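A closer look at the structure
Each chain, written out:
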Amino acid sequence: MTPWSDGAAAYCDRCGEPVCDRDHTECLAHREMEPPRYCPLCRRRMVVQVLPRRWSARCSVHGEA
Amino acid sequence: MTDVAEILEVAREQVLGSGRGLSEAQLVEVLRLPGEDLPALLELAHAVRLKWCGPEVEVEGIVSLKTGGCPEDCHFCSQSGQFTSPVRALWLDVAALVEAAKQTAATGASEFCIVAAVRGPDERLLAQVRAGIEAIRAEVDINIACSLGMLTQGQVDQLVEMGVHRYNHNLEAARSYFPQVVTTHSFEERWETCRLVRAAGMELCCGGLVGMGETLEQRAELAAQLAQLQPDEVPLNFLNPRPGTPFGALPVMGPADALRTVAAFRLAMPHTILRYAGGREITLGELGTREGLLGGINAVIVGNYLTTLGRDADDDLDLLAELQMPIKELSKSL
Ligand code: SF4
Ligand SMILES: [Zn+2]
Ligand SMILES: [Zn+2]
């Protein structure tokens, strides 16, 4: 599920641009092989940890993505 | 007989027959082979790999100990602090390092590489590496490699003393193209670290990236320059254009070019461990891993990369089983 599909997300978690400004289909495709980088709620860059078999992304305000 | 068949005939005798890698000029011919010769080229590269390296595949996992904020300006890299990349700086703690090593060992991998985005290690980083290695050793049976940038002789000595089995330091690009890729350090500085690592008796892992806008000739040059260093392992990366980097808008390399490069690297270095590193998923898609493993590759990175994600490790392991390529065991690589 994309973080913004629940209607709460304002920003694309890959490029950080507002979701309603343009089409983010390409970002979505990239996200299959990339962790998110921007918090979908506030657009802050998240702290992302990538381990061999899992990843985590954390916004300093909104917590885990 | 056409010219095309000729280079393959020459390669069959020289590389498959006598184990001598192709020269830079010969590699250019290989890289220029038309698409219709690609299957024969890959078949030859595969035969070379089987004859000189055997059927085993070396499996490795990697993890970023220190991510982002690097002072260097390698134009392909999302971890440089000089570009507006979305990658934020982060240090991994020892517990996470041990977890990463465990995840890697669980795949049957024999190698675990600790990577840091730095110009070279400072004392804090070396202390963290030392603590990490000790903690991993206490819990996980795996060879530990490091990639910490450029080294002084004193740092090389410390890593040897910590028991680091292999050191990664890529040339990244051919000497003639390097200034277009990196301006904050020189090709010669990279070369010097590789030389120090070899001289100290550590295994050398040294590769580079292709698909960064270099010419075919420069691709051949990179392979020839790597061959000169005689690395134990050569990781081959395909540019995965990262947002915010100077190479962020470059096109992804085409699959045929990527496979020709795989085969050419194998024909340049018949005895080396040739590893599929970053970018294989986006350059070659689903089938690429299989085609590469049947075209000269004999090592893979499983699981995620440093800042991007990889194929599911289980898919790679299933593929190796299907191809009847055993995973190289730990004891054999010690
Ligand atoms: S030295 Fe390494 S981490 Fe730093 S910018 Fe270059 S490739 Fe990236
Ligand atoms: Zn987007
Ligand atoms: Zn947020």
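Scope of this entry: the structure provided in the associated data block. Fair warning: this is a prediction, and the values are worked out from it, not measured in the lab.

Here we look at the sheet that holds strand S1 (residues 47-51) of chain A
One open sheet holds the three strands; their spatial order is S1-S2-S3 (chain A), and the pairing between them is antiparallel. Whereas interior strands pair on both sides, the edge strands pair on one side only; in this sheet they are S1 and strand S3 (63-64) of chain A. Sitting on the sheet, helix H4 (residues 94-105) of chain B touches S1 and strand S2 (54-59) of chain A, and the angle it makes with S1(A) is about 35 degrees.

With respect to the coordination of the zinc ion (ligand 2)
Residues and elements named next belong to chain A. Surrounding the zinc ion (ligand 2) are the protein donor atoms Cys 12 (SG), Cys 15 (SG), His 24 (ND1) and Cys 27 (SG), at 2.1 to 2.4 Å. Between the donor residues of the zinc ion (ligand 2), the gaps in sequence give the motif C-x2-C-x8-H-x2-C. With a gap of 12 residues between them, Cys 15 in the segment before helix H1 (25-30) and Cys 27 in helix H1 connect regions that are remote in the sequence. Cys 27 shares its class with Cys 15; the two are buried.

Digging into empty space enclosed by the protein
Residue and element names in this part refer to chain B. A full pass over the atoms with the stated rule returns four cavities of 30 Å³ or more. In this structure, the largest cavity spans a volume of roughly 1000 Å³. The wall of the largest cavity is formed by 47 residues, among which Phe 76, Gln 79, Val 115, Asn 170 and Leu 306 lie closest to the centre. Where the lining of the largest cavity is concerned, the elements lending two or more residues are strand S1 (58-67), strand S3 (111-116), strand S4 (143-147), strand S5 (166-168) and strand S8 (233-238). Of the residues in the lining of the largest cavity, the class split is 22 nonpolar, 16 polar and nine charged.

Here's the deal with the coordination of the zinc ion (ligand 3)
Residue and element names in this part refer to chain A. Bound to the zinc ion (ligand 3) are the protein donor atoms Cys 39 (SG), Cys 42 (SG), Cys 59 (SG) and His 62 (ND1), situated 2.1 to 2.3 Å from the metal. Between the four donor atoms coordinating the zinc ion (ligand 3), the angles at the centre fall across 105 to 116 degrees, so the site counts as tetrahedral. Taken in chain order, the donor set of the zinc ion (ligand 3) reads C-x2-C-x16-C-x2-H. Remark: Cys 59 occurs in strand S2 and Cys 39 occurs in the loop between H1 and S1; sequence separation between them is 20 residues.

Description of the interface of chain A and chain B
Facing 18 residues of chain A, the contacting portion of chain B comprises 29 residues. Carbon and sulfur atoms supply 55% of the area that chain A and chain B bury against each other, a total of about 2200 Å² over both sides. Looking at the side of chain A facing chain B, the largest losses of area belong to Met33(A), Pro52(A) and Arg53(A), adding up to 34% of the total buried there. With a shortest N-O distance of 3.6 Å, Arg53(A) and Asp312(B) are connected by a salt bridge. Looking at which element gives the most residues to the side of chain A that touches chain B, the answer is S1(A), with five residues. Here the side of chain A that touches chain B is built from residues that sort into 10 nonpolar, one polar and seven charged.

Regarding the site of ligand 1
Residue and element names in this part refer to chain B. Lining the immediate environment of ligand 1, one finds Cys 70, Glu 72, Cys 74, Phe 76, Cys 77, Ser 80, Ala 117 and Val 118. Judged by its atoms lying within 2 Å of the grid points, ligand 1 is housed in the largest cavity. For the shell around ligand 1, the class distribution of residues is six nonpolar, one polar and one charged.

Thoughts on the pairing of S2(A)
Residues and elements named next belong to chain A. Both S1 and S2 contribute to a ladder of five bridges, which runs antiparallel. Considered in S2, the bridge of Leu 51 is made with Arg 54. Looking at chain direction, S2 and S3 are connected through two bridges and run antiparallel. Bridged to Arg 58 within S3 is Glu 64.

Conventions adopted
- Residues numbered from 1 in each chain as written.
- Chains lettered and ligands numbered in written order.
- Predicted model: local features only at pLDDT ≥ 70, side-chain atom pairs only at ≥ 80, totals over all residues.
- Heavy atoms only, no water.
- Pairing = 2+ DSSP bridges.
- Helix = DSSP H or I, 4+ residues; strand = E, 2+ residues; numbered from the N terminus.
- Contact = heavy atoms within 4.5 Å.
- Axes fitted to C-alpha atoms, helices over the stretch in contact; angles between N-to-C directions.
- Donors = N, O, S within 2.8 Å, 3.2 Å for Na, K, Ca; no water.
- Buried < 20%, exposed > 50% of the residue type's maximum accessible area, 1.4 Å probe, protein only.
- 1 Å grid on protein atoms, 1.4 Å probe; cavity = no way out; pocket = protein on both sides within 12 Å on 5 of 7 lines; lining within 4 Å.
- Points joined across faces, edges and corners; volume = space filled by probe spheres on them.
- Nonpolar A, V, L, I, M, F, W, Y, C, P; charged D, E, K, R; others polar.
- Tetrahedral: all angles 85-135°; square planar, octahedral: opposite > 155°, others 65-115°.
- Buried area = accessible area lost by both parts, 1.4 Å probe.
- Salt bridge = Lys/Arg side-chain N within 4 Å of Asp/Glu carboxyl O.
- Near = heavy atom within 4 Å.
- Sits in = over half its atoms within 2 Å of the grid points.

What is shown is where atoms sit, not what they do.
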